[in-house]
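# Structural description and commentary
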Amino acid sequence: MSDLDQLTQSLARNLKRWRGERGFTLDALAARSGVSRGMIIQIEQARTNPSVGTTVKLADALGVSITTLLDFEQGPQVRLVPPEQAVRMWSTPAGSSTTLLVGADARGPLEMWAWTLVPGDESASDPHPGGTVELLHVTAGELTLVIDGESHAVPAGTSASFEAGVPHTYRNEGSETVEMTMTVAVPPAR
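Residues numbered from 1 in each chain as written. Predicted model: local features only at pLDDT ≥ 70, side-chain atom pairs only at ≥ 80, totals over all residues. Heavy atoms only, no water.

## Structural notes on helix α3 (residues 37-44)
It helps to recall that an α-helix has 3.6 residues per turn; residues three or four apart then point in one direction. How we decide: When accessible area is computed with a 1.4 Å probe and restricted to protein chains, residues below 20% of their type maximum are described as buried, those above 50% as exposed, and intermediate ones as partly exposed. Only DSSP runs of H or I reaching four residues or more are called helices, and only runs of E reaching two or more are called strands; each is numbered from the N terminus. Summarising the geometry, the arc corresponds to the directions from the helix axis toward the C-beta atoms. The contact rule is simple, with two residues in contact once any of their heavy atoms fall within 4.5 Å.
Along α3, the residues that are buried comprise Ile-40, Ile-43 and Glu-44. The buried residues of α3 occupy an angular sector of 95° when projected down its axis, which confines them to one face. Turning to α3, the residues buried within the fold contact α1 (3-22), α2 (26-33) and α4 (52-62). Following α3 by one or two positions, Ala-46 adopts a phi angle in the positive range, close to 55°.

## Remarks on the packing of aromatic side chains
This is how the line gets drawn: Here is the rule: rings of Phe, Tyr and Trp (six-membered ring for Trp) pair when centre to centre is within 6.5 Å. Planes less than 30 degrees apart are stacked, more than 60 are edge-to-face, and the remainder are tilted.
For the coordinates displayed, the defined rule picks out 2 aromatic pairs. Measuring from ring centre to ring centre gives 6.0 Å for Trp-90 and Trp-115, while their planes differ by 45°; the resulting arrangement is tilted. Within this pair, whereas Trp-90 is found in strand β1 (residues 87-91), its partner Trp-115 is found in strand β3 (residues 110-117), the two being separated by 25 residues in sequence. The burial state of Trp-90 is the same as that of Trp-115; both residues are buried. Considering the side-chain rings of Trp-115 and Tyr-170, the 4.6 Å spacing of their centres and the 50° angle between planes classify their relative orientation as tilted. A residue pair is termed long-range when its members are at least 10 positions apart, and Trp-115 in strand β3 and Tyr-170 in strand β9 (residues 168-171) qualify at 55 residues. Judged by relative accessible area, which is 7%, Trp-115 ranks as buried. According to the relative accessible area criterion, Tyr-170 is buried, its value standing at 3%. Grouped by ring-pair contacts, the aromatic residues Trp-90, Trp-115 and Tyr-170 constitute a single cluster.

Shown next as structure tokens:
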């Protein structure tokens, strides 16, 4: 079975499991997430591999991390994630990418990401649930962070935090590749 097939099967199994644990009908999850009922059915039947945006919307609506949706196994108190088990979630032909390094669900989902953005690339995100906070640290290049339409230059060595309940974009307008680590904290589903 390919990595993509495993990912599709895990997502199908875990989406069903978490939807059931939350007591959400297909219609309720569709309304909470903004993802169509038909798409949720396709995902739960492992008939499609959804976009990162769709996966994020479903995780946010369920109040779990993407890691939880992609990995059924809940390990011991300490969970080590070797590099080969980190999940590449987004990439471009030019070489930009995001990798989900590790996640947890204590007091709401918490995720850590490694980002690479080559010059000229960007990644836009829909608003996350109210109360979601993102923290990032740029280790190379200069990130242009666009929060609700306002641009902020974040050069190497600089950290930033923001409430992610508004549209936001990560953009590399410079000539050097941007490398950064980001943490996302989502409040628990109510």
